[in-house]
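Here's the letter readout for the chains.
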Amino acid sequence: MNAFVSSKISMLCQQSQVGKKLPNALYVHASALAALDSKLQQYESQARKLLPESLNNFTLVKFSYNQTKISYLIYPDFDTDPHPELQTSIQVNLETQEVQHRDYSDSQNPPLLHREETFITPDYPHYQTFDKLTRQEEAIGLLREPRTIGTRNGWMQRLQEFNVKIEGHRVIPLQVDRQVQFQPKIDRHKAAIHRPDLSKPVRLALEAGLLTEGSTFFDYGCGHGSDIKRIAERGFVSNGWDPHYHPHTDRTPSEVVNLGYVINVIESQSERREALIDAWRITQRVLIVAAQVLISDISRGQIAYGDGVISSRNTFQKYYEQEELKLYIDQVLNVDSVPVALGIYFVFRDEAQAQSFRASRFHSRATTPRVLVATKRFEDYQELLTPLMSFFTERGRLPVSEELRGFEIMLAEFGTMRRAFNVIVQATNQDEWDAIADKRRQDILVYLALSNFDNPYKRPKFNQFPPTYQTDIKALFGSYQAACTTADLMLFNLGKIGFIATCCQNSRIGRLDERALYVHISALDALDPMLRLYEGCASRTIGRMDGATLIKFHLHKPKIAYLFYPDFDTDPHPKLHTSMQIDLRDLHVRYRNYTNSNNPPVLHRKDKYVIADYPQYEKFAKLTQQEENWGLLDNIKEIANLEGWLQCLQDNCAELQGHRIVWRKDATPDRVKQLQAQRKTKKPPSNFVADEPL
């Protein structure tokens, strides 16, 4: 086998999306071989022909990068042992056709495996079990310094150092002695922090309109009392209790109760449960529950204890997974909590209010049609008709009974609501009103489809909706059954292979490349209903990342990512701050922070992500056109990150003044003429669009 072929195989191994990549080799489970690049599959099949038939029950295949060698590794207990030990290794040299065999069955210190999920594909039966164990081990630091834990002795020593054992696929703390369990004194009060503003859970409750005029608010586990003070400053009756800072306050029933980042700092499982139940006991309308969520590696300096970790400050932290947290709340309180963000849930006392809140999250924006022909009759009654126009814009239908202010006066004047609305139609565009009604139908369908997505038996009964929503369904669909049938058909189509890719490729909104469609959060309402439904599958279960700027729809993977560009409106080429990717197969969340990066991804052609009515669309579009004319966007791959973009500006003697390109002050006349001449002869830019992170 020549050197070119060897280097090609090495490159394919290092680029592989399947398997575990180490510095010198790629390791792939036998079940995942079919997912490899076809050339790697052919390469492996050549080696397998040299194996004795008795040794074909291998578990892993090791592709060496720098040698024409493939090894077949047998781990008999791969599925059942959380850290299986190597029994046999067979190495095949494709250059010399030699086969070497090594037996570890009698070894006192055999190699063993960690991170089993990295060798397999996500559809492997035990993938989630393996993945959860890895994340638990990472969280407490067991997998640091991998070179020292690659054998039985090294791994046993690490477990002993951390005073834990692996039972099944879970990390279990050991008792210090057989009689008394280790129970350290935890300084819970040290977990309380001083905040410069409202905590995120309380801020989200305010933004959602859960606190209205006259509402009472109680902060259960209020710490220093920052939220109590700031809620009171907004005119609400506010109070709170904390076992350390405010122990003598009565835990009085209140409409809105906040249990913010409390259950994750209680090391006792029974006390944790009691706190949740007690907070729910005093909740009259809605309980806010927030806890730390495990979305990435936890910082160093922590030791294992119970089902969480003890920090170097002697505070306890229980790191939940998003779905685990919802399941815990629902099981303890016998409710169906509503996720609003990572680690934040609302729990409603009244089911109709819960359904109203859920539905409101999929209620798209609409603009009241402009008056085109101010007829005499419309002008005479414009003041009376304006509330009717606003109501139809909001609901997509005509009002009934007491839903509208001035309803009786309007009936007395026009006889029926339809006649009153006809006066409006004569002065406006009928098609625009029809589009609003259709938009409201889509809103309802998206919500009803999602209510059947995570649990087919949890779709609410018709009488569980508030009266206004019941009327919406009757007016826009005729019956609840008709609406549900259409919604279920949408959900069925969503599961078809390639369906989302087709929807993305046909979208007239957003920026498309070969891997994904990117859409500004403000344009979500205007998307195809199927894409709104697809995004809802992620946001309804996990919640959107706070402050998300763009939504990334993967074309070929069941994944959605939220990207945060804090300076999107003001920076002509904003830098990526954070990203959150959700895998819809297992709802695994991957979070990435770019704030400390010297070369973060930057955004170009901002006008492509928004729709034409975005406030700064024209300014964005003019900059894009100018940059294209200057040739600055010709090589998207080279300018996808900050350093490449700054180099491009420098090479073209260009600089930005707001959303405008100008010549640099140090650009010489000769250099300017040279660049201008190059522009006239350059080829039109390609349609390639650089891929964003995740």
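Here, the structure is the one placed above.
Residues numbered from 1 in each chain as written. Predicted model: local features only at pLDDT ≥ 70, side-chain atom pairs only at ≥ 80, totals over all residues. Heavy atoms only, no water.

Novice: What should I look at first to understand helix α7 (residues 269-281) in this one?
Specialist: Three or four residues apart is the spacing at which side chains of an α-helix point the same way, because the helix has 3.6 residues per turn. With 13 residues, α7 extends 18 Å between its outermost C-alpha atoms, agreeing within 8% with the 18 Å of an ideal straight helix rising 1.5 Å per residue. Those residues of α7 that sit buried are Arg272, Ala275, Leu276, Asp278, Ala279 and Trp280. (Helix = DSSP H or I, 4+ residues; strand = E, 2+ residues; numbered from the N terminus. Expected span 1.5 Å × (residues − 1). Buried < 20%, exposed > 50% of the residue type's maximum accessible area, 1.4 Å probe, protein only.)

Novice: Honestly, the pairing of strand β9 (residues 216-220) in this entry has me stumped. Any pointers?
Specialist: Working note: regular strand, side chains alternate between the two faces of the sheet. Along β9, 4 of the 5 residues are buried, which leaves the element largely enclosed by surrounding structure. As defined by bridge partners, β9 adjoins strand β10 (residues 237-241) across 5 bridges and the pair is classed as parallel. Counted as the bridge partner of Tyr220 is Trp241 from β10. As a crossover connection, the stretch from β9 through helix α6 (residues 226-233) into β10 is right-handed. Strand direction decides the pairing type here: β9 and strand β11 (residues 254-260), joined by 3 bridges, are parallel. In the sheet register, Phe218 faces β11, and the bridge partner there is Val257. (Pairing = 2+ DSSP bridges. Right-handed = clockwise from strand over helix to strand, strands pointing away.)

Novice: I keep staring at the sheet that holds strand β21 (residues 559-564) and nothing clicks. Help me out?
Specialist: What holds strands together in a sheet is hydrogen bonding between their backbones, with the strands either parallel or antiparallel. Read across the open sheet, the 6 strands follow the order β18-β19-β20-β21-β22-β23; overall the sheet is antiparallel. Only two strands of the sheet have a single partner each, and these edge strands are β18 (511-512) and β23 (588-593). By the bridge criterion, 2 bridges tie β18 to strand β19 (residues 516-520) in an arrangement that is antiparallel. Following the sheet pairing, Leu512 is matched in β19 by Leu517. On the sheet, helix α17 (residues 529-539) packs against β19, β20 (550-554), β21 and β22 (578-583) and is oriented at approximately 80° with respect to β21. (Contact = heavy atoms within 4.5 Å. Axes fitted to C-alpha atoms, helices over the stretch in contact; angles between N-to-C directions.)

Novice: Before we go on, may I ask you to explain the pattern of salt bridges in this structure?
Specialist: Where charged atoms from two side chains of opposite charge approach closely, those side chains can pair. Under the criterion given, the structure shown has 22 salt bridges. In this structure, Arg152 and Glu85 form a salt bridge, with 2.9 Å as the shortest nitrogen-oxygen distance. With Arg152 in helix α4 (residues 152-162) and Glu85 in the loop between β4 (69-74) and β5 (88-93), this residue pair connects regions lying 67 residues apart in the sequence. For Glu85, a relative accessible area of 28% puts it in the partly exposed group. When the shortest N-O distance is used, the salt bridge between Glu255 and Arg285 registers 3.6 Å. Here the residue Glu255 occupies a position in strand β11, and Arg285 occupies one in strand β12 (residues 283-290), the gap between them amounting to 30 residues. (Salt bridge = Lys/Arg side-chain N within 4 Å of Asp/Glu carboxyl O.)

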